[in-house]
Amino acid sequence: MTKEPDIQNSLIKKFGFLEGKIRIPRERRIFADAAPENFATIIEYAMKDLSFTMLCTITGLDEGATLGFLYHLAREDGIMLSIKLNIDKNNPVIKTITGYFPGADIYERELMDLLGAKVEGLPEGRRYPLSDDWPVGDYPLRKDWKKQEGANNA
Amino acid sequence: MGLVEKVVTWARIKSPWIIHFNTGACNACDIEIVAALTPRYDIERFGIQLKGTPRHADVLVCSGPVTKQIKCRLKRIYDQMPEPKFVVAVGTCSCSGGVFDGCYSVESGIDKVIPVSAYIPGCPASPKAIIDGVVKLLASLEKKEEKNKK
């Protein structure tokens, strides 16, 4: 376990504000807390200079007052860097990362449908994965979401 | 019953054509349906043939719970089939919704959307159970025909 602290140090060297916000809970896993304003530059740096060239997935979380977004990046030697964003639930605006990872498109649409995130810069497209007749403004993975009475027999 | 009708009923019982439709299954039941159709279990010995279009089919074989997205498509497929038509629900999910019942994107079992003639439970339903269910459906049709004769 020598590469992980190196990655941590180079991230802190480049982005001073990440000091104390990077955790290495175990081998090959690195977690970093980012803010929306510096998020894109961190992704770009991780991708271009630290060779985190793969986006595994994006996790969306409902954490009460905020929505959490975890971007799991991976390297070919198996080290994963999870960059976390916390955004206000009332106005959950994030920027698209499809400029860096075109495959993020489908994950971001999922965040829009299931958690109600607003993704800036994502081109228009069909909704995914909910059905076409799903009501607007209804986000089933939010904790306060309730199934509509009489919507079906369940 | 006219002669033509008699021949048609006879042909229907001796050789029902089926269409297989996945309404949101996890694919386990689909694999079992394919196993039932192919030579290992060979459901074709009852004259059953898989068809590529609902317009040629007498029996609609559904697997999986009905998702909200597939609901209107299922109705459309059902409407495209010529009368008389029968629906077989394969697997616990298509019988009642199973573990997916109450999920935000799932409607429920097949019978909430279209009428079902035979239910085959199981997770997944084994090919033996599928054959048993299909044979029971055919036997019930045969009985109906005998009643009509009398």
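As a convention, each chain's residues are numbered from 1 in the sequence order in which they are written. Numbering of ligands from 1 and lettering of chains from A proceed in the order in which they are written. Whole-chain, interface and lining totals are the exception, using all residues; otherwise, since this is a predicted model, local features are given only for residues with pLDDT of at least 70 and side-chain atom pairs are given and counted only at 80 or more.

A few points about the overall build of chain B
- A tally of regular secondary structure across chain B gives 5 helices and 7 strands.
- When the helices and strands of chain B are placed in sequence order, the string is α-β-α-β-β-β-α-β-α-β-β-α.
- Based on C-alpha atoms, the radius of gyration is set beside the globule rule, defined as 2.2 Å times the residue count to the power 0.38. For a compact globule of 150 residues, the expected C-alpha radius of gyration is about 15 Å, and chain B comes in at 15 Å, within 12% of that figure.
- In terms of overall dimensions, chain B has a C-alpha envelope of 50 × 35 × 25 Å along the principal axes.
- For chain B, buried positions account for 37% of its 150 residues. Note on conventions: DSSP H or I runs of at least 4 residues are helices, E runs of at least 2 residues are strands, and numbering of each starts at the N terminus. Field definition: a residue is buried when 20 or more other C-beta atoms are found within 10 Å of its C-beta, exposed when 12 or fewer are, and partly exposed for counts in between, with C-beta atoms placed from the backbone.

Focus: the interface of chain A and chain B
- Tallying the contact residues gives 8 residues for chain A and 11 residues for chain B.
- Any residue outside Ala, Val, Leu, Ile, Met, Phe, Trp, Tyr, Cys, Pro, Asp, Glu, Lys and Arg is labelled polar, Gly included; the first ten of those are nonpolar and the last four are charged. Looking at the side of chain A that touches chain B, its residues break down into 3 nonpolar, 3 polar and 2 charged. We call two residues in contact whenever the C-beta atoms placed from their backbones are within 7 Å.

Some details on the sheet that holds strand 5 (residues 80–88) of chain A
Residue and element names in this part refer to chain A.
- Note: two strands are recorded as paired if DSSP finds a minimum of 2 bridges between them. If you walk across this open sheet you meet the 5 strands as 1-2-5-4-3, and the pairing is mixed. Each end of this open sheet is capped by a strand with a single partner; those strands are strand 1 (22–26) and strand 3 (54–62). If you compare each strand with its neighbour and ignore which way they point, the axes differ by 20° on average.
- The pairing of strand 4 (residues 66–74) with strand 5 spans 9 bridges and is classified as antiparallel. Bridge pairing in strand 5 places H72 opposite S82. Between N-to-C directions, angles cover 0 to 180 degrees, with each direction set by a line fitted to C-alpha atoms, over the stretch in contact for helices.

Overview of the sheet that holds strand 1 (residues 17–22) of chain B
Residue and element names in this part refer to chain B.
- Spatially, 2-1-3-5-7 is the arrangement adopted by the 5 strands of the open sheet, whose pairing is parallel. Every other strand in the sheet has two partners, leaving strand 2 (49–50) and strand 7 (118–120) as the edge strands with one partner each.
- Sheet contacts for helix 2 (residues 28–37): strand 1, strand 2, strand 3 (59–63) and strand 5 (86–90); angle to strand 3, the most-contacted strand, approximately 140°.

Quick look at unusual backbone geometry
Residue and element names in this part refer to chain B.
- A cis amide bond links E83 to the next residue, P84, at an omega of -15°.
- Within the element layout of this structure, P84 appears in the loop between helix 3 (71–80) and strand 5.
- In the segment running from C123 into P124, the intervening peptide bond is cis, with an omega of -10°.
- Even without glycine at this site, D42 takes up a positive phi of about 50°.
- In this fold, D42 is placed in the loop between helix 2 and strand 2.
- Of the residues examined, D42 has 13 C-beta atoms within 10 Å and is grouped as partly exposed.

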